[in-house]
Amino acid sequence: MSEQVLHPIIRSHTIIGAQIVSNLPGFEKAPSLILDHHEYWNGHGYPRARKGKEIVAGAQLIRAADTFDTILQTNPDKTLSEIMKNMKELVNKEFNKSVFSSLKKIMSDNNFFHDLVDAQKLPGLLFRLRDEIPANGIDDRTDILGTSLDIFGQIIDSKHAYTAGHSKRVSQYSLLIAISMNLPHDEVTKIKWAGLVHDIGKVAIPPAILDKASELSEDEYTLLRKHTVYTEEILETVSCMKELVPMAAAHHERFDGNGYHRKLKGEDIPLGARILAVADSFDSITSLRGYRDTGLIPLAIDEMKNVSRKQFDPDVVEAAIPIFQSL
Ligand SMILES: [Fe+2]
Ligand SMILES: [Fe+2]
């Protein structure tokens, strides 16, 4: 693919990815691998047009795996040998010879390829590989789940100017409200995490709708509202996040039962979701294109009071107002 025709957003995903993962403890080598994973051996890649040995070695492995997968996804009927033929043509262009040799070696084990493309067998293959790979030295005491969710939040927030920092702030506001309501520590932690991923379903909403400056049409609004369904579906697929589903998926339910997507009412809405709803709405009013405007705080507080009991749980609003006033 010619580097000139790439949209700047596509070109920058390597840089943004490297920045985001640089916060993950135990993954100190990952940022440079991500940064270089679209560099080509012949120097025609991006973002820095690095060439040959200037490219971090591991990034070349990702490059080859990425292309292998793209060929497979776009031509699901291709046989392994046909894909390998396509890959061979890219040697010394996209990746070097030794990367191709490694790929050939792995794929010579036919079971590996069959397990890889079989959704039923893939988890088993991943677990087997995980056991074979030496430990990466991550300290067990590290709050790895919390940090990973934090990174998820950054990924969601970095997608759109409108939502920059939104997940992080919703998480922080929700945490403070939960603490001030004297909730147990475990519950507080879950609410904080659910705040980070509550809008993860927005990744499935077209950017043209999320970024639209003018008012949305009825159809567009219907689609936007589906993001809570997608949040539910995405989190359901990750075992350690399942616990967050009831809270995260219900953050647009209203106390009077007129919200979405299940039209839950009153205390049928999980308390964590009632807290997220207040934090979410407060952040939407006080943030413009991702930048907080503290001048809007009194307006947001008035709005919270006005719709308390209709949109929001009045107990949550009562706990939240002193926090919002002190921001
Ligand atoms: Fe939302
Ligand atoms: Fe939100």
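Residues numbered from 1 in each chain as written. Chains lettered and ligands numbered in written order. Predicted model: local features only at pLDDT ≥ 70, side-chain atom pairs only at ≥ 80, totals over all residues. Heavy atoms only, no water.

**As for the coordination of the iron ion (ligand 2)**
- Around the iron ion (ligand 2), the protein supplies His166 (NE2), His198 (NE2), Asp199 (OD) and Asp280 (OD) as donor atoms, at distances of 2.1 to 2.3 Å.
- Expressed as a motif, the donor residue spacing for the iron ion (ligand 2) is H-x31-H-D-x80-D. (Donors = N, O, S within 2.8 Å, 3.2 Å for Na, K, Ca; no water.)

**Considering the coordination of the iron ion (ligand 1)**
- Looking at the iron ion (ligand 1), one finds its protein donor set to be Asp199 (OD), His227 (NE2), His251 (NE2) and His252 (NE2), positioned 2.2 to 2.3 Å from the metal centre.
- In this structure, the iron ion (ligand 1) is coordinated by 4 donor atoms arranged in irregular fashion, with angles at the metal of 83 to 171°.
- If you list the donors of the iron ion (ligand 1) from N- to C-terminus, the spacing comes out as D-x27-H-x23-H-H.
- Here the iron ion (ligand 2) and the iron ion (ligand 1) are spaced 3.4 Å from one another, each receiving a donor from aspartate 199.
- Histidine 252 sits in the partly exposed class, given a relative accessible area of 22%. (Tetrahedral: all angles 85-135°; square planar, octahedral: opposite > 155°, others 65-115°. Buried < 20%, exposed > 50% of the residue type's maximum accessible area, 1.4 Å probe, protein only.)

**Section: the side chain of serine 281**
- By the secondary structure assignment, serine 281 is in helix H15 (residues 271-286).
- A relative accessible area of 16% means that serine 281 is categorised as buried.
- Dropping the residues within four chain positions of it, serine 281 is found in contact with Met304, Gln311 and Phe312. (Helix = DSSP H or I, 4+ residues; strand = E, 2+ residues; numbered from the N terminus. Contact = heavy atoms within 4.5 Å.)

**Focus on a negative patch on the surface**
- On the surface, Glu267, Asp268, Asp315 and Glu318 cluster together into a patch of negative charge.
- Along the chain, the position of aspartate 268 falls in the loop between helix H14 (245-249) and H15.
- On the accessibility criterion, aspartate 268 (60% relative accessible area) is exposed. (Patch = residues over 30% accessible without salt bridge, like charges linked within 9 Å, V, L, I, M, F, W, Y side chains within 5 Å. Areas by Shrake-Rupley, 256 points an atom, 1.4 Å probe, with all protein chains shown as cover. Salt bridge = Lys/Arg side-chain N within 4 Å of Asp/Glu carboxyl O. Lys, Arg positive; Asp, Glu negative; His and termini not counted. Charge placed at Lys NZ, Arg CZ, Asp CG, Glu CD.)

**Topic: the environment of serine 174**
- Inspection of the secondary structure assignment puts serine 174 in helix H9 (residues 166-180).
- Note on serine 174: relative accessible area 0%, which makes it buried.
- Separated by 103 residues in the primary sequence, serine 174 and alanine 277 have C-alpha atoms spaced 8.9 Å apart.
- If near-sequence neighbours (up to four positions away) are discounted, serine 174 is found in contact with Ile191, Ile275, Leu276 and Ala279.

**Remarks on the packing of helix H10 (residues 185-197) against H15**
- In contact at an axis separation of 10 Å, H10 and H15 are set at 50° when each is read in the N-to-C sense. What the angle tells us is that H10 and H15 run oblique. Relative to H15, H10 is oriented so that their crossing is right-handed. Residues Ile191, Ala194 and Gly195 of H10 touch H15, and the partners they reach there are Gly272, Ile275 and Leu276.
- A class-by-class count of the residues in the contact of H10 with H15 yields 4 nonpolar, 2 polar and no charged. (Axes fitted to C-alpha atoms, helices over the stretch in contact; angles between N-to-C directions. Parallel < 35°, antiparallel > 145°, perpendicular 65-115°, else oblique. Left-handed = near helix turned anticlockwise from the far one by under 90°. Nonpolar A, V, L, I, M, F, W, Y, C, P; charged D, E, K, R; others polar.)

**Description of the pattern of salt bridges**
- As enumerated under the stated definition, the model contains 12 salt bridges in all.
- As a salt-bridge pair, aspartate 66 and arginine 63 come within 3.3 Å of each other at their nearest N and O atoms. Pair noted here: aspartate 66 and arginine 63 are both in helix H3 (residues 57-74), with a separation of 3 residues, about one helical turn.
- Using a relative accessible area of 25% as the deciding quantity, one classes aspartate 66 as partly exposed.
- On the accessibility criterion, arginine 63 (5% relative accessible area) is buried.
- Two residues, arginine 254 and aspartate 256, come together in a salt bridge whose shortest N-O distance is 2.9 Å.
- One continuous salt-bridge network, built from bridges that share partners, spans Asp36, Arg48 and Arg50.

**What about the domain arrangement of the chain?**
- When the domains of the chain are assigned, the result is domain 1 (3-108) and domain 2 (144-325).
- Here the C-alpha centroids of domain 1 and domain 2 sit 36 Å apart. (Domains from an automatic or database assignment.)

**Overview of the packing of aromatic side chains**
- The full count for this structure, using the stated rule, is 4 aromatic pairs.
- Between the aromatic rings of phenylalanine 282 and phenylalanine 324, the centroid separation amounts to 3.6 Å while the plane-to-plane angle is 0°, which identifies the pairing as stacked. Linking phenylalanine 282 in helix H15 with phenylalanine 324 in helix H17 (residues 314-325), this pair joins segments that are 42 residues apart in sequence.
- By relative accessible area, phenylalanine 282 is classed as buried at 0%. (Phe/Tyr/Trp six-rings, centres within 6.5 Å; stacked < 30°, edge-to-face > 60°.)

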